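Listed below, chain by chain, are the residues.
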Amino acid sequence: MISMTKPLLKKSHHVIIADDGDICIGEIPEVSQIVEQPPYWLQHVLGKLNGKKTIPRIVKELNAEEISVEESEVYNLIDHLNEANLLQDNSYHSSILNNEEIERYDRQILQFGLVDKNRVHPYIYQERLKNSEVVIFGMGGWGTWCSLLLTQAGIGGLRLIDGDDVELSNVNRQVLYQTDHVGYQKVDAAKQSIKSFNPNVNVKCFNEFARANKEQLERLIGDASFIVLAWAALGYFREGTVEELIHAIAKERNIPVIELGGDPLEISIGPIYPNDGIHKHYDQVHKSEQNNFYHTDYNIKKFQEARLKHHFIDGDREVNAWQSSPSLSAMAGLACDQIIKYITKYDDTSIVGKRIYLSLSTFEKRDVVVFEK
């Protein structure tokens, strides 16, 4: 018999009576239950599983309402519902989430409880986010969108790294900047916006460009528990790059790293390098990854090879990187979904060792396995 002081039927689950009298608990097949030919008292017990009453109290109330049920029957029901992962113990109290945060993250906490791969109280998943600090290298299109989404999710801290100032051309796609921010340091403007979205996030700003300098990068990473490389990672193709050093530091400190990128035509998410001593790490795979980079189409591959060699003959024209908000938000949404799953463990992460490409023209998806355990 389980020990549950105040059982709460998860608030992500409706209780519905089917036409034939069966009771459906929940609406998503993978995390729902159908009770066939239920006893009369069952629907009344389910209605009282509001997290405010002990089991003896529930039985006492039912008997007072002339609904006959034995305490052992209710305990057996609670055992069954708990085994099906439909209950949580509402007597759990979070020592680090305040009432404002619990209300702020309410819908997300419901999602945590719905999936609940770790079989813990959903507050614990939110606590794991609050106890985490993510460092974001690059506060451009990718970095600002990831920062916003992690902020809204309730990440405990962000370390923002970029030495640039806000320009007017940033405002249409780099989501944390407004017209009034033009001329501001990017990290300061981003912090101002983040605090307006969620004052609970601790933001540390570093108004400097990351260099291939181990001492500087160690200082920038600090005690972060996750690293986001929010720029086009070329470390696979050149020696002595910033990316190469970041991966080396992350390996030494057992910090997971995610890479992401893309453009309005195709976005890419991953891989996540766990740096956990179980999976392969960057320096074991970066040589073989060079082959995965190049497209099978001869003409596309020719463009890729030429660009990486920087054989530009642009003349006097000014050529800038091109991007748009829809593709940036789509990519960051997928990436942050995976980051949150990795940190909280409320659900499985799909891109450990894998890079996913998604065409925004055709929605064609392709997976590239970068490494396995």
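Just above, that's the structure.
Residues numbered from 1 in each chain as written. Predicted model: local features only at pLDDT ≥ 70, side-chain atom pairs only at ≥ 80, totals over all residues. Heavy atoms only, no water.

J.: I tried to follow the overall build of the protein on my own but got confused; where do I start?
T.: Secondary structure assignment for the protein yields 13 helices and 13 strands. Along the first, second and third principal axes, the C-alpha set of the protein runs to 90 × 45 × 40 Å. Taken over 373 residues, the protein has a buried fraction of 46%. Long-range contacts, defined here as pairs at least 24 residues apart, represent 65% of the contacts in the protein between residues at least 6 apart. Separation of charge centres in the protein, based on 40 positive and 53 negative side chains, amounts to 4 Å. (Helix = DSSP H or I, 4+ residues; strand = E, 2+ residues; numbered from the N terminus. Buried < 20%, exposed > 50% of the residue type's maximum accessible area, 1.4 Å probe, protein only. Contact = heavy atoms within 4.5 Å. Lys, Arg positive; Asp, Glu negative; His and termini not counted. Charge placed at Lys NZ, Arg CZ, Asp CG, Glu CD.)

J.: Where do I start with the sheet that holds strand 6 (residues 133-137) in this structure?
T.: Strand pairing in a sheet takes place through backbone hydrogen bonds and is either antiparallel or parallel in direction. The eight strands lie next to each other as 8-7-6-9-10-11-12-13, forming an open sheet whose pairing is mixed. Strands with a single pairing partner mark the edges of an open sheet, and in this sheet they are strand 8 (202-206) and strand 13 (365-369). The mean inter-strand angle of the sheet, taken between neighbouring strand axes irrespective of direction, is 15 degrees. Summarising the sheet, strand 6 and strand 9 (residues 226-229) pair through four bridges and their orientation is parallel. What sits directly across from phenylalanine 137, in strand 9, is leucine 229. Helix 10 (residues 242-253) rests against strand 6, strand 9, strand 10 (257-262) and strand 11 (266-273) of the sheet, and its axis sits at about 165 degrees to strand 9. (Pairing = 2+ DSSP bridges. Axes fitted to C-alpha atoms, helices over the stretch in contact; angles between N-to-C directions.)

J.: Is there a simple way to think about the pattern of salt bridges in this case?
T.: Any two side chains of opposite charge can pair, so long as their charged atoms come close to each other. In this structure the tally under the stated criterion is 21 salt bridges. When the shortest N-O distance is used, the salt bridge between lysine 53 and glutamate 61 registers 3.0 Å. Like glutamate 61, lysine 53 is buried. With a shortest N-O distance of 2.8 Å, lysine 130 and glutamate 101 are connected by a salt bridge. Remark: glutamate 101 occurs in helix 4 (residues 99-104) and lysine 130 occurs in helix 6 (residues 122-130); sequence separation between them is 29 residues. One network of salt bridges, in which partners are shared, links Lys48, Lys53, Arg57, Glu61 and Glu65. (Salt bridge = Lys/Arg side-chain N within 4 Å of Asp/Glu carboxyl O.)

J.: I would appreciate a short explanation of the packing of helix 1 (residues 40-47) against helix 3 (residues 71-83) in the present structure.
T.: At a minimum axis distance of 11 Å, the contact between helix 1 and helix 3 shows a crossing angle of 65 degrees. One way to sum up the angle between helix 1 and helix 3 is to call them roughly perpendicular. Considering how the two elements wind past one another, helix 1 and helix 3 form a crossing that is right-handed. Contact residues: Trp41, Leu42, Val45 and Leu46 in helix 1; Glu73, Val74, Leu77 and Leu81 in helix 3. (Parallel < 35°, antiparallel > 145°, perpendicular 65-115°, else oblique. Left-handed = near helix turned anticlockwise from the far one by under 90°.)

J.: Just checking my understanding: could you explain the packing of aromatic side chains for this structure?
T.: Within a pair of aromatic rings, the relevant descriptors are the distance that separates the centres and the angle that separates the planes. In this structure the tally under the stated criterion is eight aromatic pairs. Ring geometry for tyrosine 125 against tyrosine 346: centres 6.3 Å apart, planes inclined by 70 degrees, an arrangement best described as edge-to-face. Of this pair, tyrosine 125 sits in helix 6 while tyrosine 346 is found in the loop between helix 13 (325-344) and strand 12 (354-359), placing the two residues 221 residues apart along the sequence. Given a relative accessible area of 0%, tyrosine 125 falls into the buried group. Relative accessible area serves as the criterion here: at 2%, tyrosine 346 is assigned to the buried category. Grouped by ring-pair contacts, the aromatic residues Phe112, Tyr125 and Tyr346 constitute a single cluster. (Phe/Tyr/Trp six-rings, centres within 6.5 Å; stacked < 30°, edge-to-face > 60°.)

J.: Explain the sheet that holds strand 4 (residues 33-35) to me, please; I cannot follow it from the model alone.
T.: In space, the three strands of this open sheet follow the order 2-3-4, with antiparallel pairing throughout. Of all the strands in the sheet, the pair left with one neighbour each is strand 2 (15-17) and strand 4. Geometrically, the sheet is characterised by an average inter-axis angle of 20 degrees between neighbouring strands, direction not taken into account. Judged from the three bridges that link them, strand 3 (residues 23-25) and strand 4 form a sheet pairing that is antiparallel. Among the inter-strand pairings, isoleucine 23 is bridged to a residue of strand 4, identified as valine 35. Packing of helix 1 onto the sheet brings it into contact with strand 2, strand 3 and strand 4, and relative to strand 3 it is tilted by some 25 degrees.

Worth remembering: the numbers are spatial, not functional.
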